[in-house]
Amino acid sequence: MAISDWPSAERPREKLLQRGATALSDAELLAIFLRTGVKGKSAVDLARELLSNFDGLRNLLAADRQRFCEAAGLGDAKFAQLQAVVEMTRRYQGEKIKRGAELTSPGKAFSNLQAEIGSATRELFGVLFLDTRHRVICFETLFSGTIDGASVHPREVVKRVLQHNAAAVILAHNHPSGVAEPSRADINITEKIKSALALVEVRLLDHIIVTADGAESMADRGLI
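Structural notes, computed from the coordinates.

Cut-offs used in this document
- Residues numbered from 1 in each chain as written.
- Predicted model: local features only at pLDDT ≥ 70, side-chain atom pairs only at ≥ 80, totals over all residues.
- Heavy atoms only, no water.
- Pairing = 2+ DSSP bridges.
- Helix = DSSP H or I, 4+ residues; strand = E, 2+ residues; numbered from the N terminus.
- Axes fitted to C-alpha atoms, helices over the stretch in contact; angles between N-to-C directions.
- Contact = heavy atoms within 4.5 Å.
- Left-handed = near helix turned anticlockwise from the far one by under 90°.
- Nonpolar A, V, L, I, M, F, W, Y, C, P; charged D, E, K, R; others polar.
- 1 Å grid on protein atoms, 1.4 Å probe; cavity = no way out; pocket = protein on both sides within 12 Å on 5 of 7 lines; lining within 4 Å.
- Points joined across faces, edges and corners; volume = space filled by probe spheres on them.
- Core = buried A, V, L, I, M, F, W, Y, C linked by side-chain atoms within 4.5 Å.
- Buried < 20%, exposed > 50% of the residue type's maximum accessible area, 1.4 Å probe, protein only.
- Phe/Tyr/Trp six-rings, centres within 6.5 Å; stacked < 30°, edge-to-face > 60°.
- Salt bridge = Lys/Arg side-chain N within 4 Å of Asp/Glu carboxyl O.

Looking now at the sheet that holds strand β1 (residues 124-130). Read from one edge to the other, the open sheet built from five strands follows the order β2-β1-β3-β4-β5, with strand pairing classed as mixed. If you trace the sheet from one side to the other, it starts and ends with β2 (136-144) and β5 (215-217), each paired once. Each strand axis lies, on average, 20° off the axis of its neighbour in the sheet, ignoring direction. The pairing of strand β3 (residues 168-174) with strand β4 (residues 203-210) spans seven bridges and is parallel. What sits directly across from L171, in β4, is H207. With respect to the sheet, helix α8 (residues 154-164) is in contact with β1, β2 and β3, its orientation differing from that of β2 by roughly 155°. Across the face of the sheet, helix α9 (residues 184-198) comes into contact with β1, β3 and β4 while running at roughly 155° to β4.

So, about the packing of helix α2 (residues 26-34) against helix α3 (residues 43-53). Where α2 contacts α3, the two axes come as close as 8 Å, and the packing angle between them is 115°. Regarding α2 and α3, the two cross each other, and that crossing is right-handed. Here D26, A27, L30, A31 and L34 of α2 lie close against α3, whose contacting residues are A43, V44, L46, A47, R48, L50 and L51. Of the residues belonging to the contact of α2 with α3, the class tally is 10 nonpolar, no polar and two charged.

Gaps between atoms show up when a probe of the same size as a water molecule is rolled over them. Quantified by volume, the largest pocket comes out at close to 1400 Å³. What lines the largest pocket is a set of 36 residues, and nearest its centre among them are R58, L61, V86, T89 and S119. Contributions of two or more residues to the lining of the largest pocket are made by α2, α4 (57-62), α6 (76-94) and α7 (106-118). With eight residues, the top contributor of residues to the lining of the largest pocket is α6. Partitioned by chemical class, the residues of the lining of the largest pocket number 19 nonpolar, 12 polar and five charged.

Once that is clear, we can look at the nonpolar core. One finds L30, L34, L50 and F68 to be the most contacted residues of the largest nonpolar core, which totals 20 residues. Those elements that place two or more of their residues in this core are α2, α3 and α6. Sorting elements by how many residues they give to this core places α3 first, with six residues. Not counting residues within four places of it along the chain, the set of residues in contact with L30 comprises A47, L50, L51 and L60. One finds V157, L171, L197 and V202 within the second-largest nonpolar core, a separate group that totals 19 residues.

Within the structure shown, the criterion is met by two aromatic pairs. On the basis of an interplanar angle of 55° and a centroid distance of 5.9 Å, the ring pair of F125 and F143 is categorised as tilted. Of this pair, F125 sits in strand β1 while F143 sits in strand β2, placing them 18 residues apart in sequence. For the residue pair F125 and F143, the accessibility class agrees, reading buried in each case.

Further remarks concern the pattern of salt bridges. Enumeration over the complete set of coordinates arrives at nine salt bridges. When the shortest N-O distance is used, the salt bridge between E140 and R160 registers 2.6 Å. In this pair, E140 is assigned in strand β2 and R160 in helix α8, connecting sequence segments 20 residues apart. Note on accessibility: E140 and R160 belong to one class, buried. Residue R221 is joined to E216 by a salt bridge in which the shortest nitrogen-to-oxygen separation is 3.3 Å. Relative accessible area serves as the criterion here: at 23%, E216 is assigned to the partly exposed category. Among the ionic contacts, a cluster of salt bridges with common partners joins E181, E216 and R221.

Structure (C-alpha cells):
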C-alpha cells in the first residue's frame, strides 16, 4: 500500500507536522528524506530495509559514496542531499562553540566537541583554545590519522596556542570505533603536550575522547 493511502495520522510527514520530529522512528524520518520508494516498496519499507542493511542510521549516514549508491533506490543525488543534511547538522551544532562562550562544565565541552568530530570516520585531533576566564577563542582540528607520537606534534599545539594567545586548552580527539576508553597512546601524547604547554605557562584542562554516542574526560579519570 502506498503511503498516500495510509491514514493521515500514520503518514510520516503528517505525523511530524502534528507531533514533532521526535515522535518519528528512524525509518519514518529516513522515509521523509527519501520521499519515494521503489517498485513494490513504500518509502518507509525502503527506509527499513536500508537501516537493516547498513546496521542502523549512523552507519548509513557515514557510508562512503560507493557503498551508499550501490543500495537500491539510492544514487548520487540522494548521496549529495544526505551529505548536505549531515554537514548542515554538524555546522548547526558546531555554532555552539562560539567565541566568548564560557565553558562552565565538562558537559558543555562534551556536546560541543561531539558535534565537531564525534561522527568522523577517521581519527581527528583538535584543540579548544580558551582565554583566562575559560571563554572559547576557537576550536581547530590540527591532526588526522592514528593518534600517537608520530602524528600529533606538541610543538604545533604550542605554536597555535601562542598564535591565539590562549591561556588554557582542552584537547579532543575521536574514536571512530565508538569506544571512548583512553588508550596508552592517548595518555602518552597528553603527558607530552601538557609538559610542552607548561613551558609557556598554559594550562591543559582536559583531554576529551569523543564518539558519536558519548565522551570520556581524561581529567575526570585522574589522567591529567
